[in-house]
Amino acid sequence: MPYPTPEDIAAAAPLIAPHIRETPILNLQADALDLPIPITLKLEHTQVTGSFKVRGAFFNMLTRDVPEAGIVAASGGNHGAAVAFAATELGHKSRIYVPTAIAKEEKLRRMRGFGGEVVLTEGSVANCMDEYAAYAEASGALAVHPYDTVPTLTGQGTVAREIEAQMGGIDTIFVSTGGGGLIGGVASYFRDRVKVVSVETELTNTLEISLREGPDVDVQASGVAAGSLGGPRLGVDSFEAIQNHVDEAVIVSDEATYDAARRLWEATRLIGEPGSAVALAALTSGAYVPEKGERVCVLLCGGNAEPDWFVA
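As the structure is a computational prediction, the values presented were derived from the model and not from experiment.

Okay, the sheet that holds strand β7 (residues 172-176) next. A sheet is described by the order of its strands in space; here six strands give the open sequence β1-β2-β10-β7-β8-β9, paired in mixed fashion. Looking at which strands have only one partner, the edges of the open sheet turn out to be β1 (25-28) and β9 (248-252). The average undirected angle you get between the axes of adjacent strands in this sheet is 25°. As judged from the four bridges shared by β1 and strand β2 (residues 39-43), these two strands associate in the antiparallel manner. Within the sheet, the bridge partner assigned to Leu 28 lies in β2 and is Ile 39.

Put into structure tokens, the structure is as follows:
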């Protein structure tokens, strides 16, 4: 089986624990967000570097040989920041390839601030991935893929284990999907014990298209969540985990994403990036209607955005 087992993920958690935060949960009453049931938010946007990506970055570097050439990654921002941070903390150099088309200044600052060398690329996300792969082959640097390796899925899956321990019991979890690394890790851990719901926007619906047409797609992402969820295709290992263990794929609009972010701010004074608001929008937009008594968790996956992005 190419994707990790729950036992693999449980074993990874103590290895990366000294390097990351155990992020908190927040229980909200139903009326806080005008929903039919109370929900729990997993505040993973308060993680070191501002997203879940640091889990997979550390697990990769702690379990694989890192050459003198260091680490190379491709990213719209969160993965790059995580790789740069983990590499610097562990004494390695890092180079991050970023597509100019979806580069956000806030995320570029984060990557550079954590010690990464940023290389901007022209063209599509797929072109960026090609350049990063070519550099890895030419230089011998360790390539840390944002979503398409078992170590990445294993590291990301530790957030699911943490949620289960904090909540005690959970029926359904909502996860924003880009390349599939996060939801692939979450699904690999929960398997058939918890309902796993993918949430994407209409303009970043890589998973929804892949489930309909197969994984060999090349999605040109756009819209408010492209910088967070703009993977052109799902990873091979991620897709297998998703096919086997993701129960539902929900699509929301950009307008619903803005609305979810505004509601989150009004109710909690919390700000997440668009990728975080997408998961919440599944509920606030009514795209998913929970049953009475359903124990629901929304994973707020990242917070690396300008703090007023949803105000306009």
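Here helix α10 (residues 236-245) has its buried residues at Asp 237, Ser 238, Phe 239, Ala 241, Ile 242 and His 245. Those residues of α10 that are buried lie in contact with α6 (150-167), α7 (181-190), β8 (195-201) and α8 (206-213).

Take the pattern of salt bridges next. Using the criterion set out here, one finds 14 salt bridges in the structure. One salt bridge connects Glu 117 with Arg 95, and the closest N-O pair in it is separated by 3.3 Å. Of this pair, Glu 117 sits in strand β5 (residues 117-121) while Arg 95 is found in strand β4 (residues 94-99), placing the two residues 22 residues apart along the sequence. In this structure, Glu 266 engages Arg 269 in a salt bridge whose closest nitrogen and oxygen atoms are separated by 3.8 Å. The exposure class assigned to Arg 269 is partly exposed, which follows from its relative accessible area of 48%. Members of the salt-bridge network, linked through shared partners, are Lys 42, Glu 44, Arg 55 and Glu 162.

Cut-off values and rules
Residues numbered from 1 in each chain as written. Predicted model: local features only at pLDDT ≥ 70, side-chain atom pairs only at ≥ 80, totals over all residues. Heavy atoms only, no water. Pairing = 2+ DSSP bridges. Helix = DSSP H or I, 4+ residues; strand = E, 2+ residues; numbered from the N terminus. Axes fitted to C-alpha atoms, helices over the stretch in contact; angles between N-to-C directions. Buried < 20%, exposed > 50% of the residue type's maximum accessible area, 1.4 Å probe, protein only. Contact = heavy atoms within 4.5 Å. Salt bridge = Lys/Arg side-chain N within 4 Å of Asp/Glu carboxyl O.

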